Number of protein chains: 2
Amino acid sequence: MKQNWAITLKSTGLFIVLSITACAANPPATDPLPSWADGATKRGIINFVDSVTDGESADFVAPKQRIATFDNDGTLWSEKPTYFQLLFILDRVKIMAANHPEWKTTQPFQAVLENDMATLKAAGKHGLIELAMATHSGMTTEEFEVIVNDWLATAKHPTTGHPYKDMVYQPMLELLDYLRANDFKVFIVSGGGLEFMRPWTESVYGIPPDQVIGSSIETRYELRDGKPVLVRQPKLHFINDNVTKPVAINRFIGQRPILAAGNSDGDFEMLKWTTSGKGKRLGLIVHHTDADREWAYDRESSEGRLVKGLDQADKNGWLLIDMASDWQVIYPYQIRE
Amino acid sequence: MKQNWAITLKSTGLFIVLSITACAANPPATDPLPSWADGATKRGIINFVDSVTDGESADFVAPKQRIATFDNDGTLWSEKPTYFQLLFILDRVKIMAANHPEWKTTQPFQAVLENDMATLKAAGKHGLIELAMATHSGMTTEEFEVIVNDWLATAKHPTTGHPYKDMVYQPMLELLDYLRANDFKVFIVSGGGLEFMRPWTESVYGIPPDQVIGSSIETRYELRDGKPVLVRQPKLHFINDNVTKPVAINRFIGQRPILAAGNSDGDFEMLKWTTSGKGKRLGLIVHHTDADREWAYDRESSEGRLVKGLDQADKNGWLLIDMASDWQVIYPYQIRE
């Protein structure tokens, strides 16, 4: 409870500003994580933040070293029935097919156009990269940003019918805000495409473009009509996954995080790297346990496969977030509705 | 002229804070760039900052888009008699030679040990990369940071006798502070080694590790005694120079800067990329014209070669900083002395 009065008096050549602040001596603390159920997970997070921000604590960490890294797919937003970027690719193939009549008889494009998921799956990683390159390269970086924004503004999730940007986790939005309010600098460290994420991470997560790390393709500097552009090339530059996540963290951030959150074994090394540093650290794993409100999957899933993380969370002191019991709300629209 | 009084009254369960601020209506502005001579360059910089930060101006830029990028060698610190990182390499070869008896008879190492600059120069870029790999790889990222810090703490510049960290430009330190005071986010975008710069950019320039972009080698995630480390590999990952500077800016920052500063043709594309964007932009080139207080060089120099930048600055509306006449002080120690 806080009240402010400001009175401005203007006299000859002088501004006088009077500001009076009155606070109750022990104001009731507002819950920084209202969508999190009271329990060991929420307590563990709050205790961690309290101890690294308490100047009197042996665990105190200076604000400049309060780096937190979050995976995206399955950690900040959903990843079922498959990665949203793959759904974007499939939508793009269908739109671009108008200018590519040869795709009607060329795999793996034909499979996409015919919704033939068996053939698409059989095309494997190689087929996926071919689709990604065809849909993600050839345009300038600025043209690609427009394409992503257009898709996000219109596309709907196949089972919930909600825009993809609405399928982010309310409890994680609260956690991001809570960390920032405690002077953490928060980064995304995702296997998703760098330039697929950046157009919307600021408005949805409050994370600016330079705090987003992802997989990337090559770009080339060119002059078009005397103006410089960056043209996206059909060539992978970096895959940000498992052992390369710490590599990218070091390259982009240059400091070891003190908090990392993920949901799959692709995040295992990021969590290991983060929590092996000196001093107090926190590792978090979102465990998808909620078939009713979201999805339930772990060891057998092709998205967000979680085996090592489940088996070794305890040994490493990482907190497993049980989505079904730890989260009272999943999506922001469940509060708005 | 500003005066503050604060009175704290403590009563039963209530804190009342009274704060009174009285300002003269038109307080005399303090000079944000005291080491810069009054003139067209200083005026150009201040006018630019005034216009992009003035909410009433058509040129206003929101704080989140106030990105500024600075080259390092020759822009923020000196680069003569040669790049300081090359001097670091030569020092490292001499120290490491104790464990490499074969270097006494192996070029280009032999040339370094014998101070045979003619042979070293003849070894060219290939020789340089060999020396760089031998001295910059094989250790963990944390071990390398210790090596860089030790060198900076002890090594002295061959002609001035000052520590390298003291050979930064006082006027540019003021410019960095001035931009940050106006809510700019300032990045280094240098051809220098990423992990050669990061250990000291925060303390010297106030630029945190995640706002430093440079050339880099590969690193590999490994477990040593069960603990993860990143081991520096003898393999180039990225050379950050000329056409790749906009590529790196896009990859690391994800936004086009509105201000860029460099000193050589290696910065040409960064300036072009920056100032080709919509709205008001500023390009700055440090022109080394001061043989008495620093060095004088441009078109013929092997470090900081400046030809295109000189010829096209005017056409592009970039400000050439004439070191001899625009800077009243070069190094911070000249003020401290």
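Everything discussed here concerns the structure shown above.
Residues numbered from 1 in each chain as written. Chains lettered and ligands numbered in written order. Predicted model: local features only at pLDDT ≥ 70, side-chain atom pairs only at ≥ 80, totals over all residues. Heavy atoms only, no water.

**Q** Outline empty space enclosed by the protein, supporting the account with residue identities and numerical values.
**A** Within the structure shown, the criterion is met by five cavities of 30 Å³ or more. What lines the largest cavity is a set of 14 residues, among which Arg251(A), Phe252(A), His237(B), Arg251(B) and Phe252(B) lie closest to the centre. Elements with a contribution of two residues or more to the lining of the largest cavity: β5 (212-224), β6 (227-238) and α9 (244-252) of chain A together with β5 (212-224), β6 (227-238) and α9 (244-252) of chain B. For the lining of the largest cavity, the class distribution of residues is six nonpolar, six polar and two charged. Size it by volume and the second largest cavity reaches roughly 50 Å³. If you go around the second largest cavity, the residues you meet are Val247(A), Asn250(A), Arg251(A), Leu194(B), Glu195(B), Ser216(B), Ile217(B) and Thr219(B). The set of elements that each furnish at least two residues to the lining of the second largest cavity consists of α9 of chain A together with α8 (194-205) and β5 of chain B. (1 Å grid on protein atoms, 1.4 Å probe; cavity = no way out; pocket = protein on both sides within 12 Å on 5 of 7 lines; lining within 4 Å. Points joined across faces, edges and corners; volume = space filled by probe spheres on them. Helix = DSSP H or I, 4+ residues; strand = E, 2+ residues; numbered from the N terminus. Nonpolar A, V, L, I, M, F, W, Y, C, P; charged D, E, K, R; others polar.)

**Q** Can you break down the sheet that holds β5(B) residue by residue, with the values?
**A** Residues and elements named next belong to chain B. Reading across the sheet, the seven strands line up as β6-β5-β4-β3-β7-β8-β9 and stay open at both edges, with mixed pairing between neighbours. The open sheet has two edge strands with one neighbour each: β6 and β9 (319-322). On average, each strand axis in the sheet is inclined to that of its neighbour by 30 degrees, with strand direction left out of account. By the bridge criterion, four bridges tie strand β7 (residues 259-262) to strand β8 (residues 282-287) in an arrangement that is parallel. Residue pairing for β8: Ala-260 is matched across the bridge by Gly-283. (Pairing = 2+ DSSP bridges. Axes fitted to C-alpha atoms, helices over the stretch in contact; angles between N-to-C directions.)

**Q** So what about the pattern of salt bridges? Which residues, and what values?
**A** Applying the stated criterion to the full structure yields 34 salt bridges over all chains. Salt-bridge contacts for Lys64(B) lead to Glu202(A); the nearest nitrogen and oxygen are separated by 3.1 Å. With one member in each of two chains, Lys64(B) in the loop between α1 (40-53) and β3 (67-70) and Glu202(A) in helix α8 (residues 194-205) form a pair that bridges those chains. For Glu202(A), a relative accessible area of 25% corresponds to the partly exposed category. A network of salt bridges, in which partner residues are shared, links Asp31(A), Asp38(A) and Lys42(A). (Salt bridge = Lys/Arg side-chain N within 4 Å of Asp/Glu carboxyl O. Buried < 20%, exposed > 50% of the residue type's maximum accessible area, 1.4 Å probe, protein only.)

**Q** An account of the pairing of β9(B) is requested, with residue identities and associated values reported.
**A** Residues and elements named next belong to chain B. Taken together, the four bridges between β8 and β9 define a ladder with parallel strand orientation. Across the sheet, residue Val-286 finds its bridge partner in β9, namely Ile-321. Handedness of the crossover is the feature at issue here: the chain leaves β8, passes through helix α11 (residues 308-316), returns alongside β9, and the resulting connection is right-handed. (Right-handed = clockwise from strand over helix to strand, strands pointing away.)

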